[in-house]
Amino acid sequence: MAKSKFEYVRDFEVQDTCLQNCWVVVRVDGRNFHRFSDQHNFTKPNDARALLLMNHCAKSVMEEIKDICLAYGQSDEYSFVFHRKSNWYKRRASKFMTHVVSQFASSYVFYWNEFFPEQPILYPPGFDGRVVLYPSEQNLKDYLSWRQADCHINNLYNTVFWALVQKSGLTPAQAQDRLKGTLSGDKNEILFSEFNINYNNEPVMYRKGSVILWNKVNEISKKVIKLPHEAEEKEVEVCRVRNQPVVLHCDIINDAFWEEHQNVLSAES
Ligand code: DGT
Ligand code: MG
Ligand code: MG
Ligand code: MG
Ligand code: MG
């Protein structure tokens, strides 16, 4: 077919192929969720509804994009890891990033009501996205450890901060002042001695964030079949193995996690 004289504009598009053999991570993060969480009355420091909605959206992303082998989320962010051998959309970074972020954002609005039945969504939230390539398994594990360490540091700080504000009546400025220069041991101590809170007993989803992996489950469904030599139709049970994303709340910094889930990074697809 003859090309139009306009076709040349295609050449203005740039190649954005992700380097072969690297882990591709897409991280999405809520835009100005400081404001969004305030306006939608998220409980402080953690809102279980909001975190469960984030997990649900991440599962929905994985159901749509099977080349994602693992996801990790905390606060208003989620990281999606594409398998290093993935050739989805010929590894175009813009495809990876925009599909993940748009699927995530539309899911967030689509499923909002299920998680916030009493809180109408007041305006359309946005999410940013970025793509980062990690060339070695260790780099990828360190990336995920970095996000989980971030979760821990922020959550410990926020837990003490809001205890000081909500239970001791300090103003936010006073609480901030009180925590200035404290180490994590000091924060644990304040929680324990002043609020009788053992930080390690706080909900594990808040402390560790959420990891999503694929898990094989047996799915049993009923099917009506008609055998050629029988007059009547009959109902039979059909069992098939289905891959399903499952959410875990556990430590991913120590080797134990990777030893337990060796196939996650080694599988070819
Ligand atoms: P950004 O990402 O630069 O557009 O700006 P923000 O405001 O989204 O900043 P970010 O992503 O660094 O921080 C996440 C904000 O979301 C932070 O202000 C706290 C809020 N947030 C996240 N999860 C919760 C929650 O469970 N409860 C409450 N109250 N706030 C939360
Ligand atoms: Mg944000
Ligand atoms: Mg930010
Ligand atoms: Mg964030
Ligand atoms: Mg198209």
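Owing to the predicted nature of the structure, the values given are computational and were not obtained by experimental measurement. (Residues numbered from 1 in each chain as written. Chains lettered and ligands numbered in written order. Predicted model: local features only at pLDDT ≥ 70, side-chain atom pairs only at ≥ 80, totals over all residues.)

K.L.:
I would appreciate a short explanation of the packing of helix H2 (residues 48-64) against helix H3 (residues 93-110) in the present structure.
P.N.:
When two helices pack together, you describe them by how their axes are tilted relative to each other and by the distance separating the axes. H3 packs onto H2 with a crossing angle of 135° between their chain directions and a minimal axis gap of 9 Å. Here H3 runs oblique to H2, going by the angle between their axes. As H2 packs across H3, the resulting crossing turns out to be right-handed. For the pair H2 and H3, the contacting residues are Leu53, Cys57, Ser60, Val61 and Glu64 in the first and Val100, Gln103, Phe104, Ser107 and Tyr108 in the second. Grouping the constituent residues of the contact of H2 with H3 by class yields 6 nonpolar, 3 polar and 1 charged. (Axes fitted to C-alpha atoms, helices over the stretch in contact; angles between N-to-C directions. Helix = DSSP H or I, 4+ residues; strand = E, 2+ residues; numbered from the N terminus. Parallel < 35°, antiparallel > 145°, perpendicular 65-115°, else oblique. Left-handed = near helix turned anticlockwise from the far one by under 90°. Contact = placed C-beta atoms within 7 Å. Nonpolar A, V, L, I, M, F, W, Y, C, P; charged D, E, K, R; others polar.)

K.L.:
I'm lost on the sheet that holds strand S4 (residues 127-134) in this one. Help?
P.N.:
Hydrogen bonds between backbone groups are what pair the strands of a sheet, and the pairing can be parallel or antiparallel. Taken in spatial order, the 6 strands of this open sheet run S4-S1-S3-S2-S5-S6, and their pairing is antiparallel. Two strands in the sheet have a free side with no partner beyond their single neighbour: S4 and strand S6 (233-248). If you compare each strand with its neighbour and ignore which way they point, the axes differ by 25° on average. Summarising the sheet, strand S2 (residues 68-74) and strand S3 (residues 77-82) pair through 6 bridges and their orientation is antiparallel. Among the inter-strand pairings, Gln74 is bridged to a residue of S3, identified as Glu77. (Pairing = 2+ DSSP bridges.)

K.L.:
What should I look at first to understand the nonpolar core in this one?
P.N.:
The nonpolar side chains of soluble globular proteins are, as a tendency, buried together. Ala71, Phe80, Val81, Val100 and Phe104 are the most contacted members of the largest nonpolar core, which totals 35 residues. Those elements that provide at least two residues to this core are strand S1 (23-30), H2, S2, S3, H3, helix H5 (137-166), helix H8 (204-208) and strand S5 (210-226). In terms of residue count, H2 provides more of this core than any other element does, 7 residues in total. In contact with Val81, not counting residues within four places along its chain, are Trp23, Val25, Ile68, Cys69, Leu70, Ala71 and Leu140. (Core = buried A, V, L, I, M, F, W, Y, C linked by C-beta atoms within 7 Å. Buried ≥ 20, exposed ≤ 12 C-beta atoms within 10 Å, placed from the backbone.)

K.L.:
Would you mind going over the UniProt feature "domain: tRNAHis guanylyltransferase catalytic" (unreviewed entry) in the protein with me for this structure?
P.N.:
In the UniProt entry, the feature "domain: tRNAHis guanylyltransferase catalytic" (unreviewed entry) is given for residues 6-135. Measuring from the first to the last C-alpha atom of residues 6-135 gives 39 Å, for a span that is 35% helix and 22% strand. (UniProt positions renumbered as here; feature names shortened; annotations may be inferred.)

K.L.:
How do you make sense of the environment of Asn215 when you look at a structure like this?
P.N.:
With respect to the helices, strands and loops of the structure, Asn215 is situated in strand S5. Its 11 C-beta neighbours within 10 Å are what place Asn215 among the exposed residues. In the structure, Asn215 is positioned 38 residues away from Ile253 in sequence and 21 Å away in space, judged by C-alpha atoms. Once you skip the residues sitting within four places of it in the chain, Asn215 turns out to touch Gln244 and Val246.

K.L.:
Explain the site of ligand 1 to me, please; I cannot follow it from the model alone.
P.N.:
Near ligand 1 there are 15 residues, and of these Phe33, His34, Ser37, Phe42 and Asp47 occur at the shortest range. Counting residues per element, the ones that place at least two in the shell around ligand 1 are S1, helix H1 (33-39) and H2. Of the residues forming the shell around ligand 1, the biggest block, 3 residues, is contributed by H1. Of the residues belonging to the shell around ligand 1, the class tally is 4 nonpolar, 6 polar and 5 charged. (Near = placed C-beta within 6 Å.)

K.L.:
Sorry, what's going on with unusual backbone geometry here?
P.N.:
Apart from glycine, the bulk of residues carry a negative phi angle, and the bulk of peptide bonds sit in the trans form. Going from Lys44 to Pro45, the amide bond is cis rather than trans, its omega being 0°. Residue placement: Pro45 occurs in the loop between H1 and H2. One non-glycine residue with positive phi stands out, namely Tyr89, at about 50°. Mapped onto the secondary structure, Tyr89 falls in the loop between S3 and H3. For Asn196, which is not a glycine, the phi torsion comes out positive at approximately 55°. With respect to the element layout, Asn196 can be found in the loop between helix H7 (184-195) and H8. Accessibility expressed as a C-beta count within 10 Å gives 7 for Asn196, which makes it exposed.

K.L.:
Teacher, can you tell me more about the pairing of S5 here?
P.N.:
Taken residue by residue, a regular strand's side chains alternate between the two faces of the sheet. As judged from the 4 bridges shared by S2 and S5, these two strands associate in the antiparallel manner. Counted as the bridge partner of Ala71 is Ile212 from S5. Sheet topology note: the S5/S6 ladder contains 16 bridges and is antiparallel. Bridge pairing links Asn218 to Val241 in S6.

K.L.:
Help me understand H5 in this model?
P.N.:
Residue pairs three or four apart in sequence face the same way in an α-helix, which turns once every 3.6 residues. With 30 residues, H5 extends 43 Å between its outermost C-alpha atoms, agreeing within 8% with the 44 Å of an ideal straight helix rising 1.5 Å per residue. All buried positions along H5 are accounted for by Leu140, Leu144, Arg147, Gln148, Cys151, Asn155, Leu156, Thr159, Val160 and Leu164. (Expected span 1.5 Å × (residues − 1).)

K.L.:
Sorry if this is basic, but what is going on with the environment of Leu248 here?
P.N.:
Within the secondary structure, Leu248 is located in strand S6. Taking the number of C-beta atoms within 10 Å as the measure of exposure, Leu248 has 17 and is therefore partly exposed. Taking C-alpha positions, Leu248 is 23 Å from Val109, a pair spaced 139 residues apart along the chain.

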